Amino acid sequence: MPIDPEDDRVTDGCPYAELYTPEFQRDPKRVYDRMRDAYGPAAPAMLEPGVRGWLVVDYATIVAWCRDTATFSRDARRWNDWRDGLVSDDAGVLGMMEYRPNVLFADGDEHRRLRRAVTDAFGKVDSAETAAYTARTAEALIDGFCQLGEADIVEEYARVLPLLVMNRMFGFDEESGRRFTAALAAVVDAADSGRANAELERIASEIVARKRKHPGDDATSWLMEHRAGLSDEEVLQHLVLVVGAGVEPTADLIGNAVRMVLIDPEFRGDIAEGRVDVEDALEHVLWHEPPMVGYPVMFPVSDVPLANGAVMPAGSPVLLGYAAANRSMAGAPSGEAAAGTANRAHLSFGVGPHRCPAQDLATMIATTALRVLLRRLPEMRPAAGAAEPEWRPSPFARSLARLPVSFTPQAPVQEEAPWKERAVPPDSGEEDGVPVRETLSDLLSMLRRKR
Ligand code: HEM
């Protein structure tokens, strides 16, 4: 019998918490608390009907297990139920869990080789120029809807801003970026992951082929030139990983932060009156509503005995439950201080050798997004009739599907959108007969028509 979030009892015969139900999406914290009460640091979970795993819900356990690379591997080919044919080929979670030859799924020397290529490529990015582009782009996106008096902050702002920054950083043309986002959203939603993954790889391979012919001043070309000698297949896999890893959680952090501003008057007042600066406010969001709540996944190489006498079998998928773990720390004695706004000891960027290599970039994008939005639309409020928040169904991410707001219509402040600054994007493919289109403008007008 699964843990029923409406039921205060957790019985001995209750093996799995269901991480896919609307009840779980509505109040995951309650389910985390009950998992911890019933099982301790790691609890059995059902990721979608028929897909079993474990969720680590304890802070110290995540820290210890992420550092214990002898016991916990990232290589999903060890996944016991998948190897035994117990996971259906059309399981939605496969998009995020299936092995890929990239840094996230690599262990030991291979991980170090790939990670060096990724961090060196990130290191060459001009951070001042990227920050300036991010700020101009945030202004321009708000210009796109500020006269209307209403907007969907998730669809029209939070998802588009990191995408545009990634597009520029990796030298994508806009059409590739737009197709990439649509496919990424399908992977993260754990829906039709086979087709969405194939589309992601198709787009990435087109980009890699163009960059081989015409290298540019961008992170894709730097990955290709790195002395680690990545093959085209490896570069393609890292584009899929890094752009996905960059866009999705950053968009979710912005969305979750804006929602917290809208629903929590004290939080909003603290920022508006300067008691808390925007960067510290985001740390608060990272503690309490982090974007990644059950990802990545680790696989024990041998059976792991647990303190409650249970055994976690070798090859079980072990989801890193950062949200639950942050909560376990925030609830500990002196937890209020631990989870205070300026405290960065949350686990939301991971811990150990795979810890997020782009924390500063992610923080910069989210801080800029929130700062510009609050300055431009200080009166913003939830749109009339906006129902309960709509969370995308995922055991891995805390991700809003929509965030409709209304505000007093404003005049735009910029004349030129930054994404039009380069008349011909560097890998536009004109030479290959692909026409240059104002695809971002198309995307934005499409978003507006949807409303
Ligand atoms: C708010 C935004 C972000 C959050 C919350 C976040 C969080 C994380 C987490 C939890 C991990 C896994 C740590 C582990 O496995 O132990 C990770 C890994 C990673 N992240 Fe981020 N991330 C964010 C933004 C970004 C951005 C903007 C990029 C790239 C431009 C990025 C690139 C990566 C990469 C490449 C890895 C894999 C590192 C490895 O396996 O060694 N992330 N991130």
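Only a predicted model underlies this, so the values are computations on that prediction, with no experimental measurement involved. (Residues numbered from 1 in each chain as written. Predicted model: local features only at pLDDT ≥ 70, side-chain atom pairs only at ≥ 80, totals over all residues.)

Caption draft 1: Spotlight on the overall build of the protein. Across its full length, the protein holds 19 helices and 11 strands. For the protein, buried positions account for 47% of its 451 residues. (Helix = DSSP H or I, 4+ residues; strand = E, 2+ residues; numbered from the N terminus. Buried ≥ 20, exposed ≤ 12 C-beta atoms within 10 Å, placed from the backbone.)

Caption draft 2: Layout of the site of the ligand. Surrounding the ligand, one finds 27 residues, the nearest of these being Gly246, Gly350, His354, Cys356 and Ala358. Listing elements by their share of the shell around the ligand, those giving two or more residues are helix H6 (108–123), helix H13 (232–263) and helix H18 (359–376). Here the shell around the ligand takes 7 residues from H13, the largest share from any one element. Residue composition of the shell around the ligand, grouped by class: 19 nonpolar, 6 polar and 2 charged. Residue-level mapping places the shell around the ligand at the junction of two domains, with at least three residues from each of domain 1 (1–106 + 293–347) and domain 2 (108–289 + 355–451). (Near = placed C-beta within 6 Å. Nonpolar A, V, L, I, M, F, W, Y, C, P; charged D, E, K, R; others polar. Domains from an automatic or database assignment.)

Caption draft 3: Geometry of the packing of helix H15 (residues 278–288) against H18. Following both chains from N to C, one finds H15 and H18 inclined at 110°, their axes separated by 9 Å at the closest point. Here H18 runs roughly perpendicular to H15, going by the angle between their axes. The handedness of the crossing between H15 and H18 is right-handed. Touching Val278, Glu279 and Leu282 of H15 are Thr363, Ala366, Thr367, Leu370 and Arg371, all from H18. (Axes fitted to C-alpha atoms, helices over the stretch in contact; angles between N-to-C directions. Parallel < 35°, antiparallel > 145°, perpendicular 65-115°, else oblique. Left-handed = near helix turned anticlockwise from the far one by under 90°. Contact = placed C-beta atoms within 7 Å.)

Caption draft 4: Representation of the sheet that holds strand S6 (residues 297–300) within the structure. Spatially, the 6 strands line up as an open sheet ordered S1-S2-S3-S9-S6-S4, and their pairing is mixed. Where the open sheet ends on each side, the last strands, each with one partner, are strand S1 (17–18) and strand S4 (72–73). Sheet topology places S1 next to strand S2 (residues 42–48); 2 bridges connect them, and they run parallel. Each bridged residue has a counterpart across the sheet, and for Ala17 the counterpart in S2 is Ala45. Taken strand by strand, helix H2 (residues 28–39) contacts S1, S2 and strand S3 (51–56), and its axis lies near 135° from that of S2. On top of the sheet, helix H3 (residues 59–67) reaches S2, S3, S4, S6 and strand S9 (318–320); it is set at about 110° to S3, its chief contact. (Pairing = 2+ DSSP bridges.)

Caption draft 5: Just the nonpolar core, in detail. Ranked by size, the top nonpolar core spans 126 residues in total, and within it Leu55, Val56, Leu161 and Ala369 carry the most contacts. Considering every element that reaches this core, the biggest residue donor is H13, with 15 residues. Those residues in contact with Ala369 that lie beyond four places of it in its chain are Ala138, Ala158, Leu161 and Ile254. (Core = buried A, V, L, I, M, F, W, Y, C linked by C-beta atoms within 7 Å.)

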